[in-house]
Amino acid sequence: GRVHAPWSMAIEARLREQHGLEVQAMWSDDGIAVRLPEGVESDGGTIEGAVLLDPDEIEDLLMGELGGSALFSARFRENAARALLLPRRRPGQRTPLWMQRQKSADLLAVASQYGSFPIILETYREVLRDVFDMPALRELLADIRARRIRVVSVETRSASPFASSLMFDYLGSFMYEGDAPLAERRAQALALDRDLLAELLGTEELRELIDPEAVADLELELQALAPARQARTVDGVSDLLRRLGDLRTDEVAARVSGPDAEEALSALEQSRRAIRVRVAGEERWIAIEDVARFRDAVGASPPAGVAEAHLEAADRPLDLLLARWARTHAPFTADAPAARWGIARATVEDRLRAMAASAQLLEGAFRPGGAAHEFTDPDVLRQLRRRSLARLRREVEPVEPEVLGRHLPAWHGVGSSSGGLGRLIEVVAQLEGVPIPASVLERDVLSARVAGYTPRLLDELGAAGEVVWIGRGSLGRDDGRVALYRRDRVDLLGSAGSTEERPSEPVHEAIRAHLQRRGATFYPQLRAAVPDARNGNELLDAIWELVWSGEVTNDTFAALRALSLPRSRSKTAPRPGRLTALGPPRAAGRWSLVADLVGEERSPTERGHALATSLLERHGVVTREGVASEGLAGGYASVYPVLRAMEESGRARRGYFVAGLGAAQFALPGAVDRLRAVREDDPAVLILAATDPAQPYGAALPWPRGADDERLPLQRAAGAYVVLVDGLATLYIERGGKSLLTLPAARDADRAARAVAELPTLVAPGGPLRELRIERVDRGPVSESPLAEPLGEAGFRPSYRGWILRRG
C-alpha cells in the first residue's frame, strides 16, 4: 500500500496530462484499480503509458496531486492539532470532528498561500516519508524500465479475486465523494515551496528552511558561549572540558562567568581532573577521561603521571571525537575538525561518511548560503528545525496595532521623493473615493505624497479631464469633504448623492432644472437663468449646498481653493466690472450635474468589485474599522462578499494580520509582506493631518486613552495634526495649533522630544502653516509643561499669546 498509494496518484496525473481524462484510482495492499470514463477504450497504450512512469519524474507528478488528496487534508488536520493551531472552544472538552474539519479547512485556506508555512511542509514530509515508500516505488519503476520486472497485459471478463476486493473498496470510497469536507476540496490550491520541502526530504531543502539566526544562536549555546550556558564553578569548568573537548586557556575564559579561568584550570590540574596537551601545535586543556582518545586519534602525547586506567586504548577514538564535535557544533564540513586537530581532511571525511552511513550523523545541505555538504548530529538538526519553524510561525503572527501606524504611511508613499503628474495620478488612484476635507486636500494630503507639489499639477489633470471631484458632505460654512476620482473610474465608484439629503428649496430646483437642460454652465449664465435667488450670495450658497449633497460638481479646483478665502461682508451690489461679470472666486469654473458625470448606472457587481479593489489599493490591509471610517453605504457588509470572492480566487489574502482589529481582514499579498517587514521598530517621525487616510488613529485604530483609561478629546478634524513616532500617536495638535495634547506614548521623554523636534516642519518653507502658536499643553500653560524645554530647543519663543514658531 505504501508503494501503490503514490503510484495511483501519479497514474491519475499522467492520464489527465496526456489524454485529458478525469479518472479515479483506488489502491490497497493488493493493487490499484483505475476507473476510465465511459467511451474511452482501455487499450494497452493508454494504460501502459500511464503505469510505466519514469522514476525520475514520479516525485514531480506526485507533488502536483498530493495537495488535492483527502490523505493530505487528514494529515494536515492532525499536524495542525498537534501544533496547537486548532484551539478548542471549551478547554477540557473534545471538539467534534466536523468542527475540527472546518477549523482545519480555514487554516489550510490561509496557510496554502505561504509556500513555507511549517505545518504544510511537515505534512508533505510526513506523507512522502512516513506514509509513502518513495524509494521503493522509484526502485520498482527503475526495475521495470531495466526489464528486471516484466509487465504483462491481461484482459478478463470478470475481476480477479484481488481486483474484486479493490472494486468493493472503490464503491465505498467514491459513493460519498461529493460529501468530502472542505479541506479536501480546497487543498488543490496549495502553493508549495519545493525548495524547502526538498530539504525536509533529505536532499537540498534545509538551506532555505534553516534560519541563519537560529544557527548562530544554537552555536553559541552548544559552545557554552551564551551567558546562560557558561560555567560558574570549578566543577562547571570540568564539565565544560568533558562536554566540549580540547580548549585553550582563552577559550575556557570566554566560557566562564564565575571563577577565574586560569585558577579553575590550575585547580583541576592539581586534582588530576584536567591535563595540558599539545594539539595542532597549541597547548590545550582536556579532561583526564579524553587522554587516550586524543593520543590515539590526533597523536597528542599525554604528560607523565596519568593513571593507567585513563591510558587504555579506546575503540574508534576519532569517531568518538567527531561525534562529540557534531553534538557541540552546528552543521559543519570536514575542514573544521581537521584544521582544529591538525589531521588530514580526507581521513576526517572518510570517518564522517562512515558515521553518516551508520545513521550516527546526518549528511546533507544544511547551512543557509552554504555550498558543500555538511554533517550534523540528528539532535542538533532537530533543534535547528524547531527554532527555525518557530521563527516562521512568528512571522505569520498578527502584528501589533502600532505596526499599522508605521505601515500605512509607507504604503501611501508619505514623504515620497517622486513628483510630477505621473506621481500625482498614482496618488489620486490610491485616494479614489475617500472623503477628504477640501481645506487639507492639497495643503496636507497631496503635498505629503508628491514631492514639489503645486496646485498647477492638479489643475493640469483637471483641465485634461483626467481627474474629477465630487462633494461628500459639508463641514461648516467654508469647508466640506470631497472625493477625487479618475475620469474612467468615476462611473464605478462615484454616485450622485442620496435622495434623502437633497436640498429642496425653489432655488435648488431651478439650478437642477437649468443644469439638466443646458449642461455645464458658468456662474454668470447660471445666475441669469435662476431669477429666484434674491442676490448672488444666496445663489452661490445654494450651489454649494448642492455640491456638498453630491449633486453638483465643477470642472476646476479653483472654486474649492477659494472656500478658504475671506468673504465680503457687504450686502450691497458690487460695482460693475470684469470680476463681477465672471463671478466671485467661489463660483469659478463650470458647474454641472454629477449624474451627467457618473453616466449610466453600473451593475452592483461591477461597483462592488471596483470598490473592493479600491479599498485594497488604499489600505493594503482592509479591516472593518478602516472601512467604517470612510462612511460607505452599507458599511463593511456591503463589500465583504466581494473581498471574500477575491480571496477565494487568489487575488487577495484573508487572515488575522493586525492584532485587535477582528479576524475578517483582507490584504494584498504585497501589503502583507510589507506589513511584516516593518514589524521591528522604525525610527521615523511623521506629522500627518488628522484626516489623512494614512493616519490610522480614529479610523482603523482607536485613539489612545489617557491616564486611568480616560477618553481624550481627539477627533479626525480638519486642521488638526497627529505626530507619529515609531507608529505611535504621540502628540495631537488641535485645529489652529493653539492646544497641544500629549498622548500616552509621550510619557517616554525621548519619544516626546523627537516628536517636538519635528514640529518646525509644519512652518518650514513649503510647509502647510506660516506660523504655529501653542497656547496650552494638556490644557495647562506651556511654560509649566515638561515639553517647554523641547519646544524651546525646536525654535519656539514665548510671547504674550503663547509660544510661537514662525516661518523664517
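See the structure shown above.
Residues numbered from 1 in each chain as written. Predicted model: local features only at pLDDT ≥ 70, side-chain atom pairs only at ≥ 80, totals over all residues. Heavy atoms only, no water.

A. View of the pattern of salt bridges. The tally for this structure, following the rule as stated, stands at 52 salt bridges. Glutamate 59 is the salt-bridge partner of arginine 138, the closest N and O atoms lying 3.0 Å from each other. Of this pair, arginine 138 sits in helix α7 (residues 134–145) while glutamate 59 sits in helix α3 (residues 58–66); the two residues are 79 residues apart in sequence, bridging distant segments of the chain. Since its relative accessible area comes to 26%, arginine 138 is described here as partly exposed. Three or more residues joined by partner-sharing salt bridges are found here, namely Asp246, Arg248, Asp250, Glu251, Glu282, Arg284 and Arg340. (Salt bridge = Lys/Arg side-chain N within 4 Å of Asp/Glu carboxyl O. Helix = DSSP H or I, 4+ residues; strand = E, 2+ residues; numbered from the N terminus. Buried < 20%, exposed > 50% of the residue type's maximum accessible area, 1.4 Å probe, protein only.)

B. Looking closely at the nonpolar core. By size, the foremost hydrophobic cluster in this structure holds 64 residues, and its most contacted members are Leu66, Phe76, Ile120, Phe132, Phe657, Val658 and Tyr732. Among the elements that take part in this core, helix α1 (residues 4–19) stands out by supplying seven residues, more than any other. Counting residues in each nonpolar core, the second largest holds 43 residues, with Val427, Leu484, Leu539 and Ile543 among its members. (Core = buried A, V, L, I, M, F, W, Y, C linked by side-chain atoms within 4.5 Å.)

C. Local environment of the packing of aromatic side chains. Tallied over the entire structure, the rule returns nine aromatic pairs. The interplanar angle of 70° and the centroid separation of 5.6 Å between the aromatic rings of tyrosine 640 and phenylalanine 666 together place this pair among those described as edge-to-face. Here tyrosine 640 is found in helix α34 (residues 635–648), whereas its partner phenylalanine 666 is found in strand β15 (residues 665–667), with 26 residues between them in sequence. Taking relative accessible area as the criterion, phenylalanine 666 reaches 0% and is therefore assigned buried. Each residue in the set Trp469, Trp544, Trp548 and Trp591 is aromatic and connected to the rest through ring pairs, giving one cluster. (Phe/Tyr/Trp six-rings, centres within 6.5 Å; stacked < 30°, edge-to-face > 60°.)

D. Summary view of α34. Where α34 bends most, at proline 641, the angle is about 30°. Taken together, the buried positions of α34 are Tyr636, Val639, Tyr640, Val642, Leu643, Met646 and Glu647. (Bend = angle between axes of the 7 residues up to and from the residue.)

E. A look at the pairing of strand β16 (residues 685–689). Burial analysis of β16 places four of its five residues in the buried class, the great majority of the element. As judged from the five bridges shared by β16 and strand β17 (residues 721–725), these two strands associate in the antiparallel manner. Following the sheet pairing, valine 685 is matched in β17 by valine 725. (Pairing = 2+ DSSP bridges.)

F. Molecular detail of the sheet that holds strand β10 (residues 521–522). Pairing is antiparallel in the open sheet, where three strands are placed in the order β10-β12-β11. Only two strands of the sheet have a single neighbouring strand rather than two, namely β10 and β11 (552–554). One ladder, built from three bridges, connects β11 with strand β12 (residues 590–593); its direction is antiparallel. Counterpart to valine 552 in the pairing with β12 is leucine 593. Sheet strands touched by helix α26 (residues 506–518): β10, β11 and β12. Its angle to β12, the strand with the most contacts, is close to 90°. (Contact = heavy atoms within 4.5 Å. Axes fitted to C-alpha atoms, helices over the stretch in contact; angles between N-to-C directions.)

G. Main features of unusual backbone geometry. Phi is positive for alanine 224, close to 60°, though the residue is something other than glycine. By the element assignment, alanine 224 lies in the loop between α12 (212–222) and α13 (234–244). Take alanine 224: its relative accessible area is 0%, and that puts it in the buried class. The residue alanine 359 is not glycine, and still its phi comes out positive at about 70°. On the secondary structure map, alanine 359 appears in the loop between α19 (345–357) and β5 (362–364).

H. Summary view of the packing of helix α4 (residues 70–82) against helix α6 (residues 118–131). Put simply, α4 and α6 touch, their axes get as near as 9 Å, and they point 120° apart. Comparing the axis directions of α4 and α6 gives the class oblique. The element α4 and its partner α6 pack so that their crossing is right-handed. In this structure, α4 uses Leu71, Phe72, Arg75, Phe76, Asn79, Ala80 and Arg82 to contact α6, whose residues at the interface are Ile119, Ile120, Glu122, Thr123, Tyr124, Glu126, Val127 and Val131. Tallied by class, residues from the contact of α4 with α6 come to nine nonpolar, two polar and four charged. (Parallel < 35°, antiparallel > 145°, perpendicular 65-115°, else oblique. Left-handed = near helix turned anticlockwise from the far one by under 90°. Nonpolar A, V, L, I, M, F, W, Y, C, P; charged D, E, K, R; others polar.)

Without other data, these values stay purely geometric and don't point to any function.
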